[in-house]
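Residue-level structure breakdown
Chain residues, written in single-letter form:
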Amino acid sequence: METTVELATEHVPLAGLLKLAGVADSGGHAKHLVQAGLVRVDGEPETRRGAKIRPGAVVDVDTDPPVRIAVT
């Protein structure tokens, strides 16, 4: 599944993005996805739930089905 999230700010924390995109139901769920190594930002594994995600980034989440989030 591919989705696009448009930011109204300069950046958003990774966990917040996962919630905005509907991938995570809660902050705890987002934390689990990140800490389990299921999230990649621009092709690189990301284990910091507070990582700043900026427009132009692509976030992949290894769920079933896999999710790709394009940030604009």
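The following paragraphs examine the structure supplied in this document. In this text the structure is predicted, and so the values were computed from the model without any measurement. (Residues numbered from 1 in each chain as written. Predicted model: local features only at pLDDT ≥ 70, side-chain atom pairs only at ≥ 80, totals over all residues. Heavy atoms only, no water.)

**What about the environment of Ala30?**
One can find Ala30 in helix α2 (residues 27-35). According to the relative accessible area criterion, Ala30 is buried, its value standing at 0%. As for Ala30 and Leu17, which are separated by 13 residues in sequence, their C-alpha atoms are 9.0 Å apart. Those residues within four positions of Ala30 in sequence are excluded, and the remaining contacts are Ala15, Leu18 and Ala24. (Helix = DSSP H or I, 4+ residues; strand = E, 2+ residues; numbered from the N terminus. Buried < 20%, exposed > 50% of the residue type's maximum accessible area, 1.4 Å probe, protein only. Contact = heavy atoms within 4.5 Å.)

**Observations regarding the sheet that holds strand β3 (residues 39-41)**
Sheet architecture is open: five strands sit in the order β1-β7-β6-β3-β4, paired in mixed fashion. The open sheet has two edge strands with one neighbour each: β1 (2-5) and β4 (44-45). When β1 meets strand β7 (residues 67-71), the two strands line up parallel, connected through four bridges. Paired with Val5 across the two strands is Val71, which belongs to β7. (Pairing = 2+ DSSP bridges.)

**Points about the side chain of Glu46**
Its location among the elements puts Glu46 in the loop between β4 and β5 (52-53). In this structure the side chain of Glu46 is engaged in a polar contact, spanning 2.8 Å, whose partner is the side chain of Arg48. Discounting chain neighbours no more than four positions away, the residues touching Glu46 are Leu14, Val34, Val39, Arg40, Val41 and Ala51. (Polar contact = N/O pair within 3.5 Å; in protein donor to acceptor, adjacent residues only side chain to side chain.)

**Here's the deal with the pattern of salt bridges**
Enumeration according to the criterion identifies three salt bridges in this entry. Among the salt bridges present, the one from Arg48 reaches Glu46, with a minimum N-O distance of 2.8 Å. Across the pair Arg68 and Asp60 runs a salt bridge whose closest N-O atoms are separated by 2.7 Å. Of the residues examined, Asp60 reaches a relative accessible area of 10% and is grouped as buried. (Salt bridge = Lys/Arg side-chain N within 4 Å of Asp/Glu carboxyl O.)

From the geometry alone we can't say anything about function, so treat these as descriptive.
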